[in-house]
Number of protein chains: 4
Amino acid sequence: MQTRARQREHEILRAAIRVFARQGYHKSKVGEVAAEAGVAYGLVYHYFGSKESLLETIFRRTWKQMLRFVQEIEESDTTSQEQLRAVAGLVLQAWRLDPELVGVLVREVTRSPQLQNEVDEIAHAFAALERIVARGQERGELRPDLDARLASWAFYGALEEILTGWVFGRLPDDEEATARAEQMVVSLLLDGLNA
Amino acid sequence: MQTRARQREHEILRAAIRVFARQGYHKSKVGEVAAEAGVAYGLVYHYFGSKESLLETIFRRTWKQMLRFVQEIEESDTTSQEQLRAVAGLVLQAWRLDPELVGVLVREVTRSPQLQNEVDEIAHAFAALERIVARGQERGELRPDLDARLASWAFYGALEEILTGWVFGRLPDDEEATARAEQMVVSLLLDGLNA
Amino acid sequence: MQTRARQREHEILRAAIRVFARQGYHKSKVGEVAAEAGVAYGLVYHYFGSKESLLETIFRRTWKQMLRFVQEIEESDTTSQEQLRAVAGLVLQAWRLDPELVGVLVREVTRSPQLQNEVDEIAHAFAALERIVARGQERGELRPDLDARLASWAFYGALEEILTGWVFGRLPDDEEATARAEQMVVSLLLDGLNA
Amino acid sequence: MQTRARQREHEILRAAIRVFARQGYHKSKVGEVAAEAGVAYGLVYHYFGSKESLLETIFRRTWKQMLRFVQEIEESDTTSQEQLRAVAGLVLQAWRLDPELVGVLVREVTRSPQLQNEVDEIAHAFAALERIVARGQERGELRPDLDARLASWAFYGALEEILTGWVFGRLPDDEEATARAEQMVVSLLLDGLNA
DNA sequence: AATGAATGAGTTTTCATTCAT
DNA sequence: TATGAATGAAAACTCATTCAT
């Protein structure tokens, strides 16, 4: 059935995420992904045409989802502050929901520009974030003197660096710490460091 | 002479930076580095034991320099705000000073954690930035309620993301834009997005 | 099928023996082995993990076989003299049965000690030969005043040197000559050179 | 001075023997020989044209010496038995006199045929040994029914195998054991194994 | 004589991908 | 769908040798 097939495909993809998270994309062999999924060598190629396609699929699906969520947030009927808080929560909570996936995304970020032709969901998500900022400025909720694009990039960069710290074990990531981090980062970005 | 040797080594390292910036570390072949430097294949191995060692050296030297600068800033007799502004300037101006080097650093960030055992200058630089923040809090110049480490990571992340945007041509990077970006990011991080 | 696989493996091993016999292990390239076997480059690595493993397998299998034969001889119900004669026949007749294999073994003997951890069949075969001598001494068939281990080493050394002479074309190896050599060496070792 | 030069050359050669004995010819690098001799890279090439030439020189000089000794023995005014005993002593005592040199010779025997064009002292030494046997047969001191060449090869083979056992630590080689081995091997080869 | 930087051909090994079954 | 044997391009690295100083 298609269901069976979908499940197989999903197993392989999850296996790829685990393997990539463990060793990084480049050091991972297709055979290891197959072994992790408990399937034969060639089956990976049956479902995914190539090794790179595995990574691309991981990026595409994740960012598609991300885009969807950011758009929902964008369309939600709240203040810009709340929206930004929601975006931060979305990004940072991903670490606890699916650390392996986040690990792959963080480790392979630099590959995304190469995949970006294909994965333009990434650009769209960034654009949505930018619109949130811009709208906030129009509404008078956010400072109008900052470039919205730049601000949204800085905003996302701050979040991603926190994820990076967690992924590489250089920032504490227990439940309390992550919850606090979320509050703090948002507070920092909204209110600034100044006393 | 040693001078000759140092020069040779430097030529090869610069060639590596150019090649890595152009094609990325993984797609770059050692032979291409040699050709770019105008030297024979084996000479790369004479000075650097391996391809990876080239990258490691690039990271190590850059971060060593970075660390030195951040420490200078840390010890400078100014407000924390000025110090943070200086750090931001240091990071962001690197793009105009040496775009190829920044390109390599940005593209291969995710390799640095793997190199981090060796390149602990990175950790030291982060620690120095953290101390700047902590000192600012003690002095009452910066908000005391934010975790200094987290804040410094977020701060650096915001800067790095801007660099990333420039490296991948997704943010405008003409002289005016970069100068303005510098002002804005600092303003954003110090004063926040809130209106 | 496994049969197919075994056959492939065997073809590659025989090809390796031919190539190694022709040019020596060190001058032989893995690609030449593949070409000789009529298979692709990587298939050699599919069946054998490395070039050295090819040689090790050759040694191991040959000496396993050798050990088996020597043990049969040891357990045979004849005089020690007959047993030693049989061992000599076994060793020397190998040259006519499989000159290429003998060529490899003789040329690469000095590698065997390095492989000896793995190929302890060699040590076992030597031990069996030593037991034959020791038993002969106990039975009063052989001189009791010689150290059995030393005698068995000298015995084997004499045989191997004859093989070496044949391999390098420095001793005549036509059928008659080899047959006579067998008689003579045994006679020399049993009765001595003295008139 | 020439004396100085000779000394240098000798130092390098001895260094090569040590290094080759330690790791085998193939795994030894010219640089290691230079380092062991305490001289610069290129000086090895100044005195010896190539890596192989080092080995060749080792073989050539040793066998030249060996040839000289065997010829002396051949011309000595004693029985064939005494002459063979002397040859055995010559070969086996080499182990205690210069174990590193013997190690190289034993490990690289199989290279000698390739060097044999150059090093025909080896063939000459074998020929001298053969003449000793043949003369003994003419004199009625040794059995006339054995082929002299074959017998001399077997004789030498027995000796070399003992050396091999010592080199690879598989036969006891303390002073007493080596002295006894010498007696035994000669006794074995002259009188045979038979009771 | 002595140095060691410079050369670059040569080789093993890896591994993504294909394809017959 | 599923398997895993077969393919072979690709690349890092080694190291004997040369040569300018």
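Residues numbered from 1 in each chain as written. Chains lettered and ligands numbered in written order. Predicted model: local features only at pLDDT ≥ 70, side-chain atom pairs only at ≥ 80, totals over all residues. Heavy atoms only, no water.

Student: Please explain the overall build of chain A as it appears in this structure.
Tutor: When helices and strands are tallied, chain A shows 10 helices and zero strands. Along chain A, from the amino end to the carboxyl end, the secondary structure elements read α-α-α-α-α-α-α-α-α-α. Each of the three principal axes of chain A carries a C-alpha extent, and together these read 60 × 30 × 30 Å. In chain A, buried positions account for 54% of the 195 residues. Within chain A, counting contacts between residues at least 6 apart in sequence, those at least 24 apart form 72% of the total. About 8,900 Å² of surface is accessible on chain A, with carbon and sulfur atoms providing 49% of the total. Of the charged side chains in chain A, 24 are positive and 30 negative; the average position of the first set lies 7 Å away from that of the second. (Helix = DSSP H or I, 4+ residues; strand = E, 2+ residues; numbered from the N terminus. Buried < 20%, exposed > 50% of the residue type's maximum accessible area, 1.4 Å probe, protein only. Contact = heavy atoms within 4.5 Å. Areas by Shrake-Rupley, 256 points an atom, 1.4 Å probe, with all protein chains shown as cover. Lys, Arg positive; Asp, Glu negative; His and termini not counted. Charge placed at Lys NZ, Arg CZ, Asp CG, Glu CD.)

Student: Sorry if this is basic, but what is going on with the pattern of salt bridges here?
Tutor: When the charged atoms of two side chains with opposite charge come close together, those side chains can pair. Across all of its chains, the model carries 51 salt bridges over all chains by this definition. In this structure, C:Glu56 engages C:Arg60 in a salt bridge whose closest nitrogen and oxygen atoms are separated by 2.4 Å. Taken together, the positions of C:Glu56 and C:Arg60, both in helix α4 (residues 51-75) and four residues apart, correspond to about one turn of that helix. The buried category is assigned to C:Glu56, whose relative accessible area is 16%. Notably, a salt bridge pairs C:Asp145 with C:Arg143, separated by 2.7 Å at the nearest N-O pair. We classify C:Asp145 as partly exposed; its relative accessible area is 46%. Several salt bridges converge on common partners, so that one network encompasses A:Arg18, A:Arg22 and A:Glu36. (Salt bridge = Lys/Arg side-chain N within 4 Å of Asp/Glu carboxyl O.)

Student: Help me understand the packing of α4(C) against helix α5 (residues 80-97) of chain C in this model?
Tutor: The relative placement of two packed helices is expressed as an angle between their axes plus a distance between the axes. Residues and elements named next belong to chain C. At a minimum axis separation of 9 Å, α4 and α5 run at an interaxial angle of 160°. Here α4 is positioned roughly antiparallel relative to α5, judged by the angle of their axes. Crossing angle aside, the handedness with which α4 passes α5 is right-handed. Within the contact between the two elements, α4 uses Met66, Phe69, Val70, Ile73 and Glu74 and α5 uses Gln83, Ala86, Val87, Leu90 and Val91. Classifying every residue of the contact of α4 with α5 gives eight nonpolar, one polar and one charged. (Axes fitted to C-alpha atoms, helices over the stretch in contact; angles between N-to-C directions. Parallel < 35°, antiparallel > 145°, perpendicular 65-115°, else oblique. Left-handed = near helix turned anticlockwise from the far one by under 90°. Nonpolar A, V, L, I, M, F, W, Y, C, P; charged D, E, K, R; others polar.)

Student: Help me out: how do you make sense of the protein's contact with DNA strand E in this one?
Tutor: Around DNA strand E, the structure places 30 residues, and the nearest of them are A:Lys29, A:Tyr45, B:Tyr47, C:Lys29 and C:Tyr41. Of all DNA strand E atoms lying within 4 Å of any protein atom, the proportion belonging to sugar or phosphate reaches 67%. Within the side chain of D:Arg8, a nitrogen or oxygen atom sits 3.2 Å from a phosphate oxygen of DNA strand E. Here a phosphate oxygen of DNA strand E and a backbone polar atom of D:Ala40 are 3.1 Å apart. Looking at the surface near DNA strand E, the elements that each hand over two or more residues are α3 (41-47) of chain A, α3 (41-47) of chain B, α3 (41-47) of chain C together with α3 (41-47) of chain D. For the surface near DNA strand E, a count of residues per class yields 16 nonpolar, eight polar and six charged. (Near = heavy atom within 4 Å. Polar contact = N/O pair within 3.5 Å; in protein donor to acceptor, adjacent residues only side chain to side chain.)

Student: What exactly am I supposed to notice about the packing of aromatic side chains here?
Tutor: Each aromatic ring pair is summarised here by two numbers: the centre-to-centre distance and the angle between the ring planes. Enumeration over the complete set of coordinates arrives at 21 aromatic pairs over all chains. When the centroid spacing of 5.2 Å and the interplanar angle of 75° are considered together, the rings of A:Phe20 and A:Tyr25 count as edge-to-face. Like A:Phe20, the residue A:Tyr25 is buried in the burial classification. Ring-pair connections join several aromatic residues into one group, and the members of that group are A:Trp63, A:Phe126, A:Trp153 and A:Tyr156. The ring centre of D:Tyr25 lies 4.5 Å from the NZ or CZ of D:Lys51, which sits over that ring. (Phe/Tyr/Trp six-rings, centres within 6.5 Å; stacked < 30°, edge-to-face > 60°. Lys NZ or Arg CZ within 6 Å of the ring centre and 35° of its normal.)

Student: Any chance you could explain helix α2 (residues 30-37) of chain A here in plain terms?
Tutor: Residue pairs three or four apart in sequence face the same way in an α-helix, which turns once every 3.6 residues. Residue and element names in this part refer to chain A. Considered for burial, the residues of α2 that qualify are Val30, Val33, Ala34 and Ala37. Viewed along the axis of α2, the buried residues span an arc of 100°, placing them on a single side of the element. On its buried face, α2 sits against α1 (2-23), α3 and α4 (51-75). Among the residues trailing α2, Gly38 stands out with phi positive, at a value near 75°. (Arc of directions from axis to C-beta.)

Student: What is the right way to look at the packing of helix α9 (residues 148-167) of chain D against helix α10 (residues 175-191) of chain D in this model?
Tutor: Residue and element names in this part refer to chain D. For the pair α9 and α10, interaxial distance at closest approach is 11 Å and the crossing angle is 155°. With respect to α10, the element α9 is oriented roughly antiparallel. Handedness of the α9/α10 crossing: right-handed. Counted together, Phe155, Ala158, Leu159, Ile162 and Trp166 of α9 and Thr178, Ala181, Val185 and Leu189 of α10 form the full contact between these two elements.

Student: So what exactly am I meant to see when it comes to the protein's contact with DNA strand F here?
Tutor: Taken together, the neighbourhood of DNA strand F is formed by 30 residues, with B:Lys29, B:Tyr41, C:Tyr47, D:Tyr45 and D:Lys51 sitting nearest. Taking the atoms of DNA strand F that fall within 4 Å of the protein, sugar and phosphate contribute 68% of them. At 3.0 Å, a side-chain N or O of C:His46 approaches a phosphate oxygen of DNA strand F. Listed by contribution, the elements that provide at least two residues to the surface near DNA strand F are α1 and α3 of chain A, α3 of chain B, α3 of chain C together with α3 of chain D. Its residues placed into classes, the surface near DNA strand F shows 16 nonpolar, eight polar and six charged.

Student: Can you help me understand the arrangement of the chains in this one?
Tutor: Chain C makes no contact with chain A, the minimum C-alpha separation between the two being 13 Å. The two units chain B and chain C never meet; even their closest C-alpha atoms stay 22 Å apart.

Student: Please clarify how the relation of the copies chain A and chain B should be interpreted in this entry.
Tutor: What connects the two chain copies is a rotation about an axis and a shift along it. Between the two copies, chain A and chain B, the superposition gives an RMSD of 0.2 Å; the rotation angle is 179° and the shift along the axis is 0.1 Å. Put plainly, the chains are arranged around a two-fold axis. Among all C-alpha atoms of chain A, that of A:Gly192 lies closest to the rotation axis, at 1.8 Å. (Least-squares fit on C-alpha atoms with pLDDT ≥ 70 in both.)

Student: Where do I start with the side chain of B:Ser152 in this structure?
Tutor: All names here are of chain B. Along the chain, the position of Ser152 falls in helix α9 (residues 148-167). Accessibility expressed as a relative area gives 1% for Ser152, which makes it buried. At 2.7 Å, the side chain of Ser152 forms a polar contact with the backbone oxygen of Arg149.

Student: Mind showing me how you'd approach the relation of the copies chain C and chain D here?
Tutor: After a rotation of 179° and a shift along the axis of 0.0 Å, chain C superposes on chain D with an RMSD of 0.2 Å. An overlap of 98% is found between the interface residues of chain C and their copies at the interface of chain D, pointing to a shared contact surface.

Student: Would you mind showing me how to read the interface of chain A and chain B here?
Tutor: One frequently used descriptor of interface size is the decrease in accessible area upon assembly of the parts. On the side of chain B, 50 residues touch chain A, which itself brings 48 residues to the contact. In this assembly, chain A packs against chain B so that about 4,500 Å² is buried in total across both faces, 65% of it on carbon and sulfur atoms. Together, A:Arg143, A:Trp153 and A:Leu193 form the three largest contributors to the area buried by chain A at its contact with chain B, with a combined 17%. Where chain A meets chain B, there are zero salt bridges. On inspection of chain A and its partner chain B, the count reaches 19 residue pairs in polar contact (both at pLDDT 80 or more). Sorting the residues of the side of chain A that touches chain B by element identifies α5 (80-97), α6 (99-107), α7 (112-115), α8 (120-138), α9 (148-167) and α10 (175-191) of chain A as the ones contributing at least two each. With 13 residues, α9(A) is the single largest residue contributor to the side of chain A that touches chain B. Looking at the side of chain A that touches chain B residue by residue, the class counts come to 26 nonpolar, 11 polar and 11 charged. (Buried area = accessible area lost by both parts, 1.4 Å probe.)

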